[in-house]
Amino acid sequence: MEITTANVIIMSDENGEKPLQDYLEILAETALNSHVDKVKYLFIMKALEYLATVPKKILPSNNSVEETPTTTTLEVKVDKQTYSQTFRLVKALRRSPIFELRLSIANFNWHFRIIFFPKYHENKLYYCLTFPFEKRKSDVDPTDEFRDRAYDIFKSLQTQGTQFNP
């Protein structure tokens, strides 16, 4: 039996904190008074909703460059204005099985990422979301650091699987 949907869960980092939960709570708070932040927040929620429908077998490989099965168009409505954009939503990060969820909106100069990995537990597929960040034009790109930290969390779960408690 193939699993065709995933449970999307927010994971704790190596310090027991949940960076994605913290990020989303702050963004939800600022979205109360900011049209742009409300658009960002709703796109993230739509992307997570979509990710839950993606079977693991169609996640891109490290060799994927163009459109993948995870390229999709998302649409949100904020203050009677509709925003629709096509995203290449998932990218493999050269360290299997670590991926990034990608949202970029050029009009807002916003390039948002969430590092995640798939994990099976009790015959269920989970997409374990770890580190959120916004890419900015600078000399420092945090992608590899977060990828490596997520990989360490993944490996820890593999060796101490009983601690995985979704």
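Within each chain, residues carry numbers counting from 1 in the order of the written sequence. Residue-level local features of this predicted model are given only where pLDDT is at least 70; pairs of side-chain atoms are given and counted only at 80 or more, and the full residue set underlies all totals for whole chains, interfaces and linings. Calculation of side-chain values draws on the structure's entire complement of heavy atoms; hydrogens and water are dropped beforehand.

Draft legend 1. Layout of the nonpolar core. The nonpolar core is taken to be a set of buried Ala, Val, Leu, Ile, Met, Phe, Trp, Tyr and Cys residues, with the residues joined through side-chain atoms within 4.5 Å. Summary of the burial criterion: residues with accessible area below 20% of their type's maximum are buried, those above 50% are exposed, and those between are partly exposed, where the area comes from a 1.4 Å probe applied to protein chains only. Phe43, Ile44, Leu101, Leu103 and Phe116 are the most contacted members of the largest nonpolar core, which totals 32 residues. Starting at the N terminus, helices and strands are each numbered in turn, a helix being any DSSP run of H or I of at least four residues and a strand any DSSP run of E of at least two. Looking at which element gives the most residues to this core, the answer is helix 2 (residues 35–51), with six residues. The residues touching Phe43, leaving out its near neighbours within four places in the chain, are Leu74, Glu75, Val76, Tyr83, Gln85, Phe87, Leu103 and Ile105. Formed by 17 residues, the second largest nonpolar core is a distinct cluster that contains Leu93, Phe117, Cys128 and Phe146. Any two residues having at least one pair of non-hydrogen atoms within 4.5 Å are treated as being in contact.

Draft legend 2. Up close: helix 1 (residues 19–31). If you check helix 1, its first and last C-alpha atoms are 18 Å apart, about what 13 residues at 1.5 Å a residue would give, namely 18 Å. Inspection of helix 1 places Leu20, Tyr23, Leu24, Leu27 and Ala31 among the buried residues, and these make up the whole buried set. Taken end-on, helix 1 shows its buried residues confined to a sector of 95 degrees, consistent with a single buried face. The outward face of helix 1, more than 90 degrees from its buried face, is lined by the exposed residues Ile26 and Glu29. The secondary structure elements touched by the buried residues of helix 1 are strand 1 (7–10), helix 2, strand 6 (110–121) and strand 7 (124–134). Here the expected span of a helix is defined as 1.5 Å times the quantity of residues minus one. In this context, the arc is that of the directions from the helix axis out to the C-beta atoms.

Draft legend 3. Looking closely at the pattern of salt bridges. A side-chain nitrogen of Lys or Arg and a carboxyl oxygen of Asp or Glu constitute a salt bridge if their distance falls within 4 Å. A full pass over the atoms with the stated rule returns 13 salt bridges. Shared partners join several salt bridges into a network, and the residues in it are Arg94, Arg95, Asp144, Arg147 and Asp148.

Draft legend 4. Spatial organisation of the environment of Asn165. Within the secondary structure, Asn165 is located in the segment after helix 3 (143–159). Note: C-alpha distance between Asn165 and Ile44 (121 residues apart in sequence) is 24 Å.

Draft legend 5. A look at the sheet that holds strand 5 (residues 99–105). If you trace the five strands from one edge of the open sheet to the other, you get 1-7-6-5-4, paired in mixed fashion. Looking at which strands have only one partner, the edges of the open sheet turn out to be strand 1 and strand 4 (90–92). In this sheet, neighbouring strand axes are inclined to one another by 35 degrees on average, regardless of whether the strands run parallel or antiparallel. In short, DSSP must find at least two bridges between two strands for them to pair. Only C-alpha atoms enter the line fits that serve as axes; for helices the fit covers just the stretch in contact. Angles between N-to-C directions range over 0 to 180 degrees.

Draft legend 6. Representation of helix 3. Under the 1.5 Å per step criterion, the end-to-end length of helix 3 is 24 Å for 17 residues, consistent within 8% with the ideal 24 Å. Burial in helix 3 covers these residues: Thr143, Phe146, Arg147, Ala150, Tyr151, Ile153, Phe154 and Leu157. For helix 3, the arc enclosing every buried residue in end-on projection is 160 degrees, short of the 170-degree limit, so these residues lie on one face. In the core, the buried residues of helix 3 are packed alongside strand 5, strand 6 and strand 7.

Draft legend 7. Looking closely at the packing of aromatic side chains. Two rings from Phe, Tyr or Trp (for Trp, the six-membered ring) form a pair when their centres sit within 6.5 Å of each other. Planes less than 30 degrees apart are called stacked, planes more than 60 degrees apart edge-to-face, and all others tilted. Following the criterion strictly, the structure yields ten aromatic pairs and no others. Relative to Phe154, the ring of Tyr151 has its centre 6.3 Å away and its plane inclined at 40 degrees; by these criteria the two rings are tilted. On the criterion of helical spacing, the pair formed by Tyr151 and Phe154 is a turn pair, its members being three residues apart in helix 3. In terms of burial, Tyr151 and Phe154 fall into one category: buried.

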